[in-house]
Amino acid sequence: MASNKDFPVIFELSKEGRVGYSLPELDVPEMDLTEGLDGEYIRTELADLPEVSELQIMRHYTALSKRNHGVDSGFYPLGSCTMKYNPKINEDVARFTGFSHIHPLQEGKTVQGALYLMHDLQTSLQEITGMHQVTIQPAAGAHGEWTGLMMIRAYHEHNGDINRTKVIVPDSAHGTNPASATVAGFEAITVKSDERGLVDLEDLKRVVGDDTAALMLTNPNTLGLFEEHIIEMAQIVHNAGGKLYYDGANLNAILGYARPGDMGFDVVHLNLHKTFTGPHGGGGPGSGPVGVTEELAAFLPKPILTKKEDMYVFDYNRPLSIGRVKPYYGNFGINVRAYTYIRTMGPKGLKQVSENAVLNANYMMRRLEKEFDLPFTQHCKHEFVLSGKRQKKLGVRTLDIAKRLLDFGYHPPTIYFPLNVEEAMMIEPTETESKETLDEFIDVMIQIAKEAEENPEIVQEAPHTTVISRLDETLAARKPVLRYQR
Ligand SMILES: *Cc1c(COP(=O)(O)O)cnc(C)c1O
């Protein structure tokens, strides 16, 4: 990283002998800390660390934090990721000492409040999804997918149905779906989408069979479109003896309006770090609860939290369980945040979330459909997908448009996904943005479309205002420079 005036590299500020701390005089005998350590791990020279003052290091990290784009700093319409506002009351509650100072090995009777919260969160998610029982153990969406598929596998095996080796996934599916199916030991096979962006029923009938373990589906799908034939699809799969898996990472479109359980799904995962306002984007911690029908409940990860008389207790006596999928009881802190969100919103509030998420997405889609190609023209749900086909003919790729958005202080939408749309831009405004913010973003998108026609270089060479200009993405991925080198 090159240094620049307003952002000097911390190593270059180093002055020999400058210290950023003050410690009291040593008043205990000095110890040899290398005692008992294997020789090759013992440092022979001091680490090459910058010698700076506390103020300098403070400014360094504050400057770094300002370089970071987050929901709290600007609009973040990253489709399929639901970058909605994370209410700060969630943070306050997660920091209550009764939640933050407890230990997972503490005796159950001393943490009944925390267990109550976990139990009530499970019950709320059961209600929201229409499922019989929910586990909050899995740590992320993909982890929930794997957990759910392992349960489906255990179910089939328990029934002696050992030839169900295939999981059907639409061509518009999130990449984690075929990946989870593979990791769970299945073969992922594709079902095509039709010209309206929905699963092609004829193709589904063709691929389904007595080797089908499950169909994995997102509804609304990653094009932001509701699979209208879901009931019929469920029948097709169930009649063949397969199970229906619902990827509920993005429940933002249907809260309070539709429930996967009512659509015929057998297993559902949710991303509490998306729909339920857990902060995310930095790699976690997340939470990917999984709900199942009564038929599959015996296979849930153990332990199961249950209520016995007046006490919440963990039940380990679950002979058919797939076992633990995470140490202890899930990412408790993120579950506290999601629970706080659900309780502050209430059923009416959650319903309103979906109304506004869908309204915002449709508003943007209709205002942008003249300047960009809209491959699927029906109303969308919480997100929509544009194609940069027209701009590509002018020499401006979707990647260029994404880079140009950085000049205006926006995080770009998801690009080149879903795979079945050429030069895709997947935009999810979320319900927490105001009409003014949506309008500003729309105006910028329209301006970029004009630039593509009149002055394509400005888009092709973007970004112009960021600290680091256009990266060689291939080189950055293949030969990353991860640390400062003198
Ligand atoms: C985000 C997402 C996932 C994966 O969730 P992680 O928590 O990132 O593992 C799966 N499916 C869909 C549709 C998603 O949007």
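Note that the coordinates shown come from a computational prediction; the quantities given were computed from them, not determined experimentally.

Reading guide: rules and limits
Residues numbered from 1 in each chain as written. Predicted model: local features only at pLDDT ≥ 70, side-chain atom pairs only at ≥ 80, totals over all residues. Heavy atoms only, no water. Helix = DSSP H or I, 4+ residues; strand = E, 2+ residues; numbered from the N terminus. Buried < 20%, exposed > 50% of the residue type's maximum accessible area, 1.4 Å probe, protein only. Contact = heavy atoms within 4.5 Å. Salt bridge = Lys/Arg side-chain N within 4 Å of Asp/Glu carboxyl O. Core = buried A, V, L, I, M, F, W, Y, C linked by side-chain atoms within 4.5 Å. Axes fitted to C-alpha atoms, helices over the stretch in contact; angles between N-to-C directions. Parallel < 35°, antiparallel > 145°, perpendicular 65-115°, else oblique. Left-handed = near helix turned anticlockwise from the far one by under 90°. Nonpolar A, V, L, I, M, F, W, Y, C, P; charged D, E, K, R; others polar. Near = heavy atom within 4 Å. Polar contact = N/O pair within 3.5 Å; in protein donor to acceptor, adjacent residues only side chain to side chain. Areas by Shrake-Rupley, 256 points an atom, 1.4 Å probe, with all protein chains shown as cover. 1 Å grid on protein atoms, 1.4 Å probe; cavity = no way out; pocket = protein on both sides within 12 Å on 5 of 7 lines; lining within 4 Å. Points joined across faces, edges and corners; volume = space filled by probe spheres on them. Domains from an automatic or database assignment. Pairing = 2+ DSSP bridges. Patch = residues over 30% accessible without salt bridge, like charges linked within 9 Å, V, L, I, M, F, W, Y side chains within 5 Å.

Another aspect to go through is the overall build of the protein. Within the protein, the regular secondary structure consists of 15 helices and 12 strands. Principal axes of the C-alpha set define a box for the protein whose edges measure 75 × 70 × 45 Å. Each of the 486 residues in the protein was classed as buried or not, and the buried ones make up 48%. Put simply, of all contacts in the protein between residues at least 6 apart along the chain, 69% involve residues at least 24 apart.

This part takes up the pattern of salt bridges. Under the criterion given, the structure shown has 26 salt bridges. A salt bridge links E423 to R397, with the nearest nitrogen and oxygen atoms 2.7 Å apart. Linking E423 in the loop between β11 (414-415) and β12 (424-427) with R397 in the loop between α11 (389-393) and α12 (398-406), this pair joins segments that are 26 residues apart in sequence. Accessibility expressed as a relative area gives 4% for E423, which makes it buried. By relative accessible area, which is 38% here, R397 ends up partly exposed. D407 serves as the salt-bridge partner of R404, at 2.6 Å between the closest nitrogen and oxygen. Note on R404: relative accessible area 8%, which makes it buried.

Each neighbour pair has its own omega, and for K302 with P303 the value is 0 degrees, a cis peptide bond. When you line up the elements, P303 lands in the loop between β7 (290-292) and β8 (304-308). With omega at 0 degrees, the peptide bond leading from F417 into P418 counts as cis. By the element assignment, P418 lies in the loop between β11 and β12. Phi at Y328 is positive, roughly 55 degrees, even though this residue is not glycine. Within the secondary structure layout, Y328 lies in the loop between β9 (311-315) and α10 (332-368). The class of Y328 is partly exposed, set by a relative accessible area of 37%.

Turning to the nonpolar core, a few remarks are in order. Counting residues in hydrophobic clusters, the biggest one holds 53 residues, and the most contacted among them are L125, I128, I168, L204, L251, F265 and F276. A per-element tally of this core places α10 first, with 9 residues. Residues A361, M365, L386 and M445 belong to the second largest nonpolar core, which totals 26 residues.

Our focus in this paragraph is the packing of helix α4 (residues 112-129) against α10. At their nearest, the axes of α4 and α10 sit 10 Å apart, and the two run at 50 degrees to each other. In terms of orientation, α4 and α10 fall into the oblique class. Both α4 and α10 take part in a crossing whose hand is left-handed. Of α10, the residues touching α4 (which contributes A114, Y116, L117, M118, D120, L121, S124, L125 and I128) are F332, N335, V336, Y339, I342, R343 and L350. For the contact of α4 with α10, the residue count by class is 12 nonpolar, 2 polar and 2 charged.

Moving on, we get to the site of the ligand. The local shell around the ligand holds 13 residues, among which S80, G141, D247, H273 and K274 are the closest. For the ligand, a nitrogen atom lies 2.5 Å from a polar atom in the side chain of D247. K274 places a polar side-chain atom, nitrogen or oxygen, 2.7 Å from an oxygen atom of the ligand. Taking 380 Å² as the accessible area of the ligand by itself, protein coverage stands at 86%. Across the shell around the ligand, the residue classes tally to 3 nonpolar, 7 polar and 3 charged.

Moving on to the layout of surface pockets. The computed volume of the largest pocket comes to approximately 810 Å³. Contributing to the lining of the largest pocket are 26 residues, with R67, N68, H69, L406 and T466 lying nearest its centre. Tallied by class, residues from the lining of the largest pocket come to 14 nonpolar, 8 polar and 4 charged. Residue contributions to the lining of the largest pocket reach at least three from each of two domains, namely domain 1 (10-67) and domain 3 (355-477).

Here we take up the pairing of strand β10 (residues 384-387). Neither face of β10 is exposed, since F384 and L386 on one face and V385 and S387 on the opposite face are all buried. Sheet analysis places β10 next to β12, joined by 4 bridges and oriented antiparallel. Bridge pairing links V385 to M426 in β12.

Burial of the side chains of β12 extends over both faces: A424 and M426 are buried on one face and M425 and I427 on the other. Note: β11 against β12, 2 bridges, orientation antiparallel. In the sheet register, T414 faces β12, and the bridge partner there is M426.

Bringing the packing of α12 against helix α13 (residues 435-454) into the picture now. Their axes nearest at 11 Å, the elements α12 and α13 cross at an angle of 130 degrees. Compared by their axis directions, α12 and α13 come out oblique. Judged by the sense of rotation from one axis to the other, the crossing of α12 with α13 is right-handed. Of the residues in α13, those in contact with I401, R404 and L405 of α12 are F441, V444, M445, Q447, I448 and E451. Counted by class, the contact of α12 with α13 contains 6 nonpolar, 1 polar and 2 charged residues.

Together, V19, Y21 and L23 make up a nonpolar patch on the protein surface, roughly 360 Å² of accessible area in all. Its place among the elements puts L23 in the segment before α1 (54-67). In this structure L23 comes out as exposed when scored by relative accessible area, which is 69%.

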